[in-house]
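Okay, here's what each chain looks like letter by letter:
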Amino acid sequence: VANGQSRWWLVNSPTTADLYSVTVGANDVIVGGIPTTVMIRGGGWDLAPFTYDKGQLLAVATPDPQTILTVGLHRVIGGAGVFIASFDGGNTWDIDTTVGVDLFDIVCPSSQVCYRSGEAGFVQVSNDGGRTWSSVSINTGQDIYALYFVNERTGWAVGTVDSIAVIYYTNDGGLTWTRQRSGIVDPLFDIFCIDAQTCWATGASGEIIYTGDGGNTWNTQSSGVLENLNSVYFVDANTGWVVGAAGTILKTTDGGATWTQESSPVNNELFEVFMINSTSGWAVGGSGTILYYGVDTPTGAQTLTNLAENIIIVNDNKNLTVYMPNNLASANVEVYSIDGRLTASSECEGSVCTISLKDIGSDIVFVVISKDGLVLHKRPVFMFRYGH
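Since we're looking at a predicted model, the values are computed, not measured. (Residues numbered from 1 in each chain as written. Predicted model: local features only at pLDDT ≥ 70, side-chain atom pairs only at ≥ 80, totals over all residues. Heavy atoms only, no water.)

### Some points on the pattern of salt bridges
A complete count under the given rule lists 2 salt bridges for this structure. Between Asp28 and Arg41 there is a salt bridge whose closest N-O contact spans 3.9 Å. Of this pair, Asp28 sits in the loop between strand E2 (19-23) and strand E3 (29-32) while Arg41 sits in strand E4 (residues 37-41); the two residues are 13 residues apart in sequence, bridging distant segments of the chain. Relative accessible area serves as the criterion here: at 27%, Arg41 is assigned to the partly exposed category. Of the charged contacts, one joins Lys54 and Asp53 as a salt bridge, the two residues approaching to 3.0 Å between their closest N and O atoms. Residue classification places Asp53 among the partly exposed positions, given a relative accessible area of 37%. (Salt bridge = Lys/Arg side-chain N within 4 Å of Asp/Glu carboxyl O. Helix = DSSP H or I, 4+ residues; strand = E, 2+ residues; numbered from the N terminus. Buried < 20%, exposed > 50% of the residue type's maximum accessible area, 1.4 Å probe, protein only.)

Here's what the structure looks like:
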């Protein structure tokens, strides 16, 4: 990328399910559905095994390296919310479909204290890292789409009632909630705070609102777009991102006084953004979309143009052999027929990968090279067989 500037890269995804939430830190996890989708990042994004497939998971939190907590909708007739938890780093999972309401968000301001929210003012708190829960619900009928807590006791809840934005504030761990005036009508979908005074919230029809006084006053900021804005994340008081419908990505470097639209590699709706710092982060969205923000793809690979120059594919009438530069050593090679069927694959050792022509039936194939879950190169190859 020119001048070493970060950009958004489309990352290979192991699913076509909608992806609603991503978190990076104690664990790197993406969740979505349907079918129920949990991905934990090792080298690439790997699907966690589930026998339960009726959950549409909307949010995830990882309060410590062993704990993964996720909430969503239980998509069966008469179903409501689902809460799925792992306390051993994703090896085993507890699935609870008895909560009784759809669940929309979960946050953990510390390793022990977590909050989850849902329909009709539903809010619960856990003081043991997500193992047990007690009610701190808001006495109202609105759906609480998002929570943000700056510490164990101080936080905000945003959502909608009758399609009108609502914001509530607590400084006693949810024992009491105070409604704040949002100044807008459209529903709010997310909120992010960098301290107890400074927050941004985003919502329908391009709405962005901001407070610098703990929510006593909220003021609108001009996003310049009309798309629904689903998620907001700031790395400091000046630098933040917003994502939303139609692949919309906005960035500010002046605390939201101005927002600039960034180039997006997709048109799919983006549901959440999570930034690691000012030069790297992740976003997820519809149809399995995973985006990475950085000066290069997460593996540090060369650009696709350079890769195309350095990868050599040879057909010697017996084998299809792929020679790769050293930085792609131990990559994976897959061969697809022209109608998209996977016909052969190989996990390469070193920089040379060989696939027998006996395993390849088509005369024209696509060779796909990936590493750590990222598609790095795709090339059509004519499978001419000598003597034919």
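Alright, that's what it looks like, and here's the rest.
### Focus: the pairing of strand E10 (residues 103-107)
Burial within E10 is extensive, with 5 of its 5 residues counted as buried. Between E10 and strand E11 (residues 114-118), which follow one another and run antiparallel, lie 6 residues. (Pairing = 2+ DSSP bridges.)

### A short note on the state of the cysteines
Counting across every chain of the model gives 2 disulfides. In this model Cys108 forms its disulfide with Cys114; the gap between the sulfur atoms is 2.1 Å. Between Cys108 and Cys114 the sulfur-sulfur dihedral comes to about 105°; the bridge is accordingly right-handed. You can call Cys114 buried: its relative accessible area is 0%. With a sulfur-sulfur separation of 2.1 Å, Cys193 is cross-linked through a disulfide to Cys199. Taking the torsion about the S-S bond as the criterion, the Cys193 to Cys199 disulfide, at about 105°, is right-handed. Each of the two residues, Cys193 as well as Cys199, counts as buried. (Disulfide = S-S within 2.5 Å.)

### Section: a nonpolar patch on the surface
Judged by side-chain polarity, Ile312, Val314, Tyr323 and Val352 come together as a nonpolar surface patch covering roughly 320 Å² of accessible area. Relative to the helices and strands, Val314 resides in strand E29 (residues 312-315). (Patch = residues over 30% accessible without salt bridge, like charges linked within 9 Å, V, L, I, M, F, W, Y side chains within 5 Å. Areas by Shrake-Rupley, 256 points an atom, 1.4 Å probe, with all protein chains shown as cover.)

### Re the environment of Ser205
Locating Ser205 in the fold gives a position in the loop between strand E19 (199-203) and strand E20 (208-211). When the C-alpha positions of Ser205 and Glu227 are compared, they lie 5.1 Å apart, and in sequence the two are 22 residues distant. Not counting residues within four places of it along the chain, the set of residues in contact with Ser205 comprises Asp186, Val225, Leu226, Glu227 and Asn228. (Contact = heavy atoms within 4.5 Å.)

### With respect to the confidence of the model for the protein chain
Chain-level pLDDT for the protein chain is 87 on average; 88% of the residues reach the 70-or-more range. Overall, residues 300-308 carries pLDDT values under 50, and its contacts beyond four positions in sequence, including any with other chains, amount to 14 contacts. (pLDDT = per-residue confidence, 0-100.)

### Some thoughts on the sheet that holds E19
Across the sheet, 4 strands lie side by side as E18-E19-E20-E21; this open sheet has antiparallel pairing. With partners counted over all chains shown, the strands left at the sheet margins are strand E18 (188-193) and strand E21 (219-221), one partner each. Going from strand to strand, the sheet's axes swing by 25° on average, the running direction of each strand aside. Pairing of E18 with E19 involves 5 bridges; the strand directions are antiparallel. Considered in E19, the bridge of Leu188 is made with Gly203. (Axes fitted to C-alpha atoms, helices over the stretch in contact; angles between N-to-C directions.)

### A look at the packing of aromatic side chains
The tally for this structure, following the rule as stated, stands at 17 aromatic pairs. Pairing Trp200 with Tyr210 gives two aromatic rings, centres 5.3 Å apart and planes at 45°, and the pair type is tilted. Pair noted here: Trp200 is in strand E19 and Tyr210 is in strand E20, with a separation of 10 residues, a long-range link. On the basis of relative accessibility, which here comes to 1%, the residue Trp200 falls in the buried class. Between the aromatic rings of Tyr233 and Phe274, the centroid separation amounts to 4.9 Å while the plane-to-plane angle is 45°, which identifies the pairing as tilted. (Phe/Tyr/Trp six-rings, centres within 6.5 Å; stacked < 30°, edge-to-face > 60°.)

### Observations concerning the nonpolar core
By size, the foremost hydrophobic cluster in this structure holds 35 residues, and its most contacted members are Trp8, Val22, Ile30, Trp45, Val273, Trp282 and Ile290. Ile311, Cys353, Val367 and Ile369 belong to the second largest nonpolar core, which has 18 residues in total. (Core = buried A, V, L, I, M, F, W, Y, C linked by side-chain atoms within 4.5 Å.)

### Some words on the sheet that holds strand E7 (residues 67-74)
What the 4 strands build is an open sheet, ordered E6-E7-E8-E9; its pairing is antiparallel. Of all strands in the sheet, those with a lone pairing partner are strand E6 (55-64) and strand E9 (94-96), marking the two edges. Here the strands of the sheet are splayed against their neighbours by 15° on average, with no regard to which way each runs.

### A few points about the side chain of Thr321
With respect to the helices, strands and loops of the structure, Thr321 is situated in strand E30 (residues 319-323). With relative accessibility at 8%, the residue Thr321 sits in the buried group. When residues no more than four places from it in sequence are discounted, the contact partners of Thr321 are Ile312, Ile313, Val314, Val352, Cys353 and Thr354.

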